[in-house]
Amino acid sequence: MSNYALISIIVVYLIFLFGVAFFAEKNQKSKWVNNPYVYVLSLAVYCTAWTYYGSVGIASQSGISFLTIYLGPVIALPLWIVLMRKIIRISKQQKISSIADFISLRYGNNRLLGALVTITCLLGVIPYIALQLKAVSETFEIITDKDGYISTGVFDDSTFYISLLIAVFVAFFGTRSSDASERKKGIVASVALESVIKLVFFLVVGIYVTFYLFDGTSDIYRQASQTTNFKSLSAFGGVEDGFNWLFTIALSFFAIFLLPRQFHVAVVENERENHLKKAIWLFPLYLLLFNVFVIFIAWAGNIRLPASVNNDYYSLLLPLQEGNLLLSSMVFIGGFSAVISMIVVSTLALSTMVSNNVVIPYGFIKKMVEGNPEANAKRIKNMRRIAIFILIISAYFFYIEFSTQLSLYSIGLISFVVISQLAPSFFFGLFWRRGTAKAAKIGICIGLSVVIYTLISPVIANAINPYNTLVSEGLFGMGWLRPAQLFGLDYLTPESNAFLWSLSFNLLGFVIISISSKGNYRERNYAEMFVNHENYENLQEGAFIWKGEAYVADIKELLSRFLGDKRTNRALDIFNRKYGISEKEEKADARLINFSEKLLTGTLGSASAKLLLSSVSKEKPISLVEVLSILEDTKETKASNRLLLEKSEELATMAEQLRFANEELRSQDKQKDEFLDTVAHELKTPITSIKAASEVLDDDDMPSELRNQFLENIGRDTDRLATLIHNILDLEKLSGNRAELMISEQNITKTIAKAIAGVAQIAQKRGVTVEFDASKKVKVLYDEDRIIQVLTNLLSNALKFTERKDGIIHIELEEQDKHVEIAVTDNGKGIPKTEQKYIFDKFYQSKYQNTKKPQGSGFGLAICKKIIESHSGAIWADKNYKEGARLVFTLPK
Amino acid sequence: MSKRKILIVDDEPNIVMSLEYAFKKKAFEVFVARDGTEALDIAEKQLPNVILLDIMMPQMDGYETLKRIRENNDLKDTKVIFLSAKNKVTDMEKGLQLGADSYMTKPFSIKKVIADVEQLIT
């Protein structure tokens, strides 16, 4: 294929990607753009040219050890549900836009730490990007079949132009908003699409090789097993290999969290937390599919292709050997997709880190405070665009200078080892409160130094002087300082060796310094917030980590510089409304400071945001005690927030209940009036009678018989008055719980018998039989006089309504688990349904009494009820009893 | 002149007894009813000059009884005096509105009741 034809294909493909990105940006809400599958596919940015080509190379040389790079993520993914969810929640809450921001915020917005993380990432990722360019360049040459053609300069090299095109793409879609924490749907959509393309094309070539060139997997195996050194390719290599395996798995485990591009797609671009649930099984499945044919392509290449070719490119060379240019181009485009997506996301993440964690906090913050919002936004965007170009161009030059010496696989591993230096401060920071900024910085520095010495210095030394003795004899000729066999450990690969020692020293430094020194209050507070994240989720704007003095006006002015007046006003308006703060409030509180800090973090990075806010506020140290007390409050607020929701629902019910209660009250008020009326009436009646009698008695002509009758009436009315007054007072005493009960343990059977004896005479007179089985002996605690009062009352009522000669009153005593139940049943006329509700009311007097004038005060059952209730019992009329009245009460045992 | 007739309606026998004695003494022909229904019966038959009417009675209260009395043309001119323990102005007004001629609150003075009755029927 000609040079130009391939370039045309590349350009068309890039235009297609532009289109997809455009579509996604325009249709941000579309479900094509927002779904868990796009999220999972964007995670597959993990599979770069290294996977696409390098795995085959490794498989052809050293067998299945290529798998280790995928085992790490597969092991890591189940942990995502816990770990990644925590990271995503913290990041979203704090508007974190990169791993540098994440780590620096954890250690109290430490500016230097953010810069150091950024530098680490640059060291790790630029060679990695170079590796991608190397792959593009080499595959380009293979496809165009110009063995003799060697680029003579930068401007003559197609790879250079391809790099520039990619830079334009990233700059265009990656810097649309100055807020880096905003999601970039266009880029994510294009990355997801590329993930599909690279997987499909790789599977196509895998199937082509396995089933078209060969007769299936067993055919390849059979033929491959006849080649020399096949055994070493398909088996494990003993203990040493085991260690190498272990370290590489650990390395890739860290990489899936720490690589800037992985952090970017997994955390910053995460749309919904529950997308994680799909990711934890779909992503491993993706990796599995990607690796299915690797080993077969590798074996096939070993069988079919001459030993002189670069075995990284078997997948491209095998169809090419058959003259299948279409398939080769597809493979090329698949690899190109892997390259582009990696470069795009990596440079995007790195450019944000460079601008937010290095350039702005160290150089531009002053200028920005003076500038206007449009200029600031423009400046930030330009800064990132320039960073993108510089990054890609540096990667290009790295590729030109160094990549000829290194294979794809080893550049990738070096990258991973560098990035894994962030692991101690990152993972310990999530779970260990003690970690401090100083410790993180020193740990990373130590780790990086070891990596540079063990992995990078040999490469540099070789580039300078191919005959140097550093590798073979060690620094200054000291054998134990040989970079690849540090401390004499000679059975590990250089990368495993570097990983082991750098991470050990890094971790050691981090832990020792963390334990021996204490971080400042800010570090401790952020530590608390990251470690115990759940407790702070509902914290208002993470308010506890700031104490001091600031004016709203100053903060507003500051925000306006970066966000513009419109956005600032809108944000503050929302803030005020959310927390019910008056617009006239002059002093800013912790919530506003934190709110503003978060607003600025998205645009400028957390370190700059902190610096800016400290310029307009006077921060005071906040003690742990204060933090804890705020935390207590917060827990309460959190609880009450949850309650509030429930409450608002309850409130509706309560309003209903209230209305009901109100009606009840009104009716009670009416009842009280009626009660007083009735009391007055009941009291006045005997008084009237007495007064009238005494008036007529003033008559000398009155026959003595009549006179005696009147006198007798006066006496009876006086008694009635006395009883009435006694009852009223008794009831009120019981109602107010002022009546003292003389509780003692009694045999309730005896008490019942006593009560029956009291009414026996009247019963006999009326011919009513009272039945009671007095054989049981049940001990209960109660006030005997009061219970006799209740029983007497119930018996008299029963008697009153059982005038028939065959009247029977039956008393039952039933012992139950927790109480005794006593029922007084009669075979009288019963209680009418309409009255059952009222019989225990004060002054209730049945309208259906036999006597013309109701006897009794109308207090009887009301008093009974009070007495039983003060014994913690219950009294009721059995509604289901039809043959008369049945009144039941209980007494607790 | 025929004997003046008075109907006493109250469910309190003791009160009735005193009133009965006092009015008999004043040469009234006295009838007694224990409730509203009985009162209407007697009133229709005897056409008393005066009815002393209690308000709080079981079944048919005094107000209802008065209403029925006023519905009967024969009893149009019968004077009705409420005797009641209810002493609120509203109660009195209600009674008078329904067409009572006088309203006495319990406890009353028998002398006063007699004076009232005398005044109403002369």
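Thoughts on helix α5 (residues 110-121) of chain B
All names here are of chain B.
Consideration 1: When the terminal C-alpha atoms of α5 are compared, their 17 Å separation across 12 residues agrees well with the 16 Å that a helix rising 1.5 Å per residue should span.
Consideration 2: What α5 keeps buried is the set Ile110, Val113, Asp116 and Val117. Taken end-on, α5 shows its buried residues confined to a sector of 120°, consistent with a single buried face. In this structure, α5 carries Lys111, Lys112, Ala115, Glu118 and Gln119 as exposed residues pointing more than 90 degrees from its buried face.

Details of the packing of helix α3 (residues 49-62) of chain A against helix α6 (residues 111-144) of chain A
All names here are of chain A.
Consideration 1: Axis separation between α3 and α6 bottoms out at 10 Å; the angle between their running directions is 65°. By the criterion of interaxial angle, the relationship of α3 to α6 is roughly perpendicular. Of the two possible hands of crossing, α3 and α6 adopt the one that is left-handed. Contacts from Ala49, Trp50 and Tyr53 in α3 reach Leu131, Gln132 and Ala135 in α6.
Consideration 2: For the contact of α3 with α6, the per-class residue count stands at 5 nonpolar, 1 polar and no charged.

A word on the sheet that holds strand β3 (residues 50-54) of chain B
All names here are of chain B.
Consideration 1: Taken in spatial order, the 5 strands of this open sheet run β2-β1-β3-β4-β5, and their pairing is parallel. Edge strands, defined here as strands with exactly one partner in the open sheet, are β2 (28-33) and β5 (102-105). Across the sheet, the mean angle from the axis of one strand to that of its neighbour is 20°, orientation sign disregarded.
Consideration 2: Where helix α3 (residues 62-71) meets the sheet, it contacts β1 (4-9), β3 and β4 (79-84), and its direction lies at approximately 150° from that of β3.

Overview of the sheet that holds strand β6 (residues 808-815) of chain A
All names here are of chain A.
Consideration 1: Taking strand neighbours across the sheet as the criterion, the 5 strands line up as β4-β6-β7-β9-β8 in an open arrangement whose pairing is mixed. Each edge of the open sheet is held by one strand with a lone partner, namely β4 (769-772) and β8 (875-877). Strand-to-strand, the axes of this sheet are offset by a mean angle of 15°, without reference to chain direction.
Consideration 2: Lying on the sheet, helix α31 (residues 784-800) is in contact with β6, β7 (819-826) and β9 (886-892); it crosses β7 at an angle near 25°.

Quick word on the packing of helix α2 (residues 36-43) of chain A against helix α8 (residues 185-213) of chain A
Each pair of packed helices gets described by two things: the angle between the helix axes and the distance between those axes.
Residue and element names in this part refer to chain A.
Consideration 1: It is at 8 Å that the axes of α2 and α8 come closest, and there the two elements cross at 70°. Taken as axis vectors, α2 and α8 run roughly perpendicular relative to one another. For the pair formed by α2 and α8, the contact residues are Val38, Leu41 and Ser42 on the first element and Val188, Ala189, Val191, Ala192, Ser195 and Val196 on the second.
Consideration 2: Here the residues of the contact of α2 with α8 sort into 7 nonpolar, 2 polar and no charged.

Parameters at a glance
- Residues numbered from 1 in each chain as written.
- Chains lettered and ligands numbered in written order.
- Predicted model: local features only at pLDDT ≥ 70, side-chain atom pairs only at ≥ 80, totals over all residues.
- Helix = DSSP H or I, 4+ residues; strand = E, 2+ residues; numbered from the N terminus.
- Expected span 1.5 Å × (residues − 1).
- Buried ≥ 20, exposed ≤ 12 C-beta atoms within 10 Å, placed from the backbone.
- Arc of directions from axis to C-beta.
- Axes fitted to C-alpha atoms, helices over the stretch in contact; angles between N-to-C directions.
- Parallel < 35°, antiparallel > 145°, perpendicular 65-115°, else oblique.
- Left-handed = near helix turned anticlockwise from the far one by under 90°.
- Contact = placed C-beta atoms within 7 Å.
- Nonpolar A, V, L, I, M, F, W, Y, C, P; charged D, E, K, R; others polar.
- Pairing = 2+ DSSP bridges.

In short, shape yes, function no, at least from these values alone.
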